[in-house]
Amino acid sequence: MSITSEEIATQPDCWERAAELSTGPTAGLPAPGERVAVIGCGTSWFMAQAYAVLREQYADQGETDAFAASEFPNGREYDRIVAITRSGTTTEVLKVLRDVSGTTHTTAIIGDPDTPIAAPNLVNDLVVLDFADEKSVVQTRFATSVLALLRTHLGYDLAPAVADARRAIAEPLPEGLVGAEQFTFLGTGWTYGIALEAALKMREAAGAWTEAYPAMEYRHGPISITGPNRVAWAFGPVPDGLDADIARTGGVLEASGLDPLADLVRAQRLAVAIAEARGLDPDTPRNLTRSVILP
């Protein structure tokens, strides 16, 4: 079994530990009413997008923006900046935190506490999920544990998602998906960030042809790519009529009904299965390193 597969399988336990952290002392996580920016790179950026929508639109706790760290708008005022970074070494994230040091309250959610981001005076608050840190290059359990932590902090009961994740790990993948030619991942609201992350996992681990869109935007052009042996995978509810539209293309609609975060676990498993079917090692994805550190 690959390291990535082993880490994928630990996610329900990691989520429960993250939820326990969130229901205990929660210094450092955004308070209701704060104007918040959440930054990250790659997978962490997609988790930031999902959280921003959850916090602002679903939990109604205040204006929340998400940015790729390299695109953070310096000079815009926030009450708090939350940085999500597994390694704590990513160049773009560290630059933002240094730029705002002393002017904006900052929180970093990290996997490895022995990193530059934990240096004194760089951030105001540090949330360490070391139990969810990973050996693999491809992120799985750290990112989902961050979102589990943040969802619980917003008041969500994570128990149904944990139960769904155990199902997502135990049950076989649907027949035919490993051999599919192309995947389009769809989401609505906070699950659009999940869709982006699922597509990234498939590209990273398996080099698969994947795209991701807001579900209602899918009809506005992207549906043209769907056809026989191609899959449209929806996280959360499927918009009315979309199933019939996909059926007319000859494509396959995959909609599990699981909690979207648990359904992401299925996409992670599929990425590994496709990699292995193609003779690839999901633990050593092409052209990738665990962290991007620029000179």
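Overview of the structure. (Residues numbered from 1 in each chain as written. Predicted model: local features only at pLDDT ≥ 70, side-chain atom pairs only at ≥ 80, totals over all residues. Heavy atoms only, no water.)

1. Concerning the pairing of strand E2 (residues 64–68)
Burial analysis of E2 places four of its five residues in the buried class, the great majority of the element. By the bridge criterion, five bridges tie strand E1 (residues 36–40) to E2 in an arrangement that is parallel. Along E2, the bridge assignment pairs Ile39 with Phe67. (Buried < 20%, exposed > 50% of the residue type's maximum accessible area, 1.4 Å probe, protein only. Helix = DSSP H or I, 4+ residues; strand = E, 2+ residues; numbered from the N terminus. Pairing = 2+ DSSP bridges.)

2. Notes on the sheet that holds strand E3 (residues 80–85)
With parallel pairing, five strands are arranged side by side in an open sheet as E2-E1-E3-E4-E5. Either end of the sheet is taken by a strand with one partner, and the two such strands are E2 and strand E5 (125–128). When the angles between neighbouring strand axes are averaged without regard to direction, this sheet yields 20°. As judged from the six bridges shared by E3 and strand E4 (residues 105–110), these two strands associate in the parallel manner. Looking across to E4, one finds that Ile84 is bridged to Ile109. Packing of helix H3 (residues 43–58) onto the sheet brings it into contact with E1, E2 and E3, and relative to E2 it is tilted by some 170°. (Axes fitted to C-alpha atoms, helices over the stretch in contact; angles between N-to-C directions. Contact = heavy atoms within 4.5 Å.)

3. Considering the packing of helix H5 (residues 141–153) against helix H9 (residues 260–277)
It is the contact of H5 with H9, at a shortest axis distance of 11 Å, that shows an interaxial angle of 175°. Taken together, H5 and H9 sit at an angle that is classed as roughly antiparallel. Two secondary-structure elements touch here, H5 through Thr144, Leu147, Ala148 and Arg151 and H9 through Leu261, Leu264 and Gln268. Of the residues in the contact of H5 with H9, the class split is four nonpolar, two polar and one charged. (Parallel < 35°, antiparallel > 145°, perpendicular 65-115°, else oblique. Nonpolar A, V, L, I, M, F, W, Y, C, P; charged D, E, K, R; others polar.)

4. Overview of the environment of Ala271
Along the chain, Ala271 falls in helix H9. Among the residues examined, Ala271 registers a relative accessible area of 1% and is labelled buried. Taking C-alpha positions, Ala271 is 19 Å from Thr226, a pair spaced 45 residues apart along the chain. Those residues within four positions of Ala271 in sequence are excluded, and the remaining contacts are Lys201, Met202, Ala205 and Ala206.

5. Some remarks on the side chain of Arg141
Along the chain, Arg141 falls in helix H5. Put simply, Arg141 is tucked away with no salt bridge, and the nearest opposite charge, on Glu7, sits 4.4 Å away. A polar side-chain atom of Arg141 sits 3.1 Å from a polar atom in the side chain of Thr10. A polar side-chain atom of Arg141 sits 3.4 Å from the main-chain carbonyl oxygen of Ala132. Those residues in contact with Arg141 that lie beyond four places of it in its chain are Glu7, Thr10, Gln11, Cys14, Phe131, Ala132, Asp133 and Glu134. (Lys, Arg positive; Asp, Glu negative; His and termini not counted. Salt bridge = Lys/Arg side-chain N within 4 Å of Asp/Glu carboxyl O. Polar contact = N/O pair within 3.5 Å; in protein donor to acceptor, adjacent residues only side chain to side chain.)

6. Focus: the environment of Ala161
Tracing the chain through its elements places Ala161 in helix H6 (residues 159–170). Given the relative accessible area of 2%, Ala161 is considered buried. Leave out the neighbours within four places in its chain, and Ala161 touches Trp15, Arg151, Asp259 and Ala262.

7. Observations concerning the pattern of salt bridges
Opposite charge on two side chains lets them pair, provided their charged atoms get close. In this structure the tally under the stated criterion is 16 salt bridges. Note that Arg167 and Glu171 form a salt bridge whose closest N and O atoms lie 3.3 Å from each other. Judged by its relative accessible area of 40%, Arg167 is partly exposed. Residue classification places Glu171 among the partly exposed positions, given a relative accessible area of 39%.

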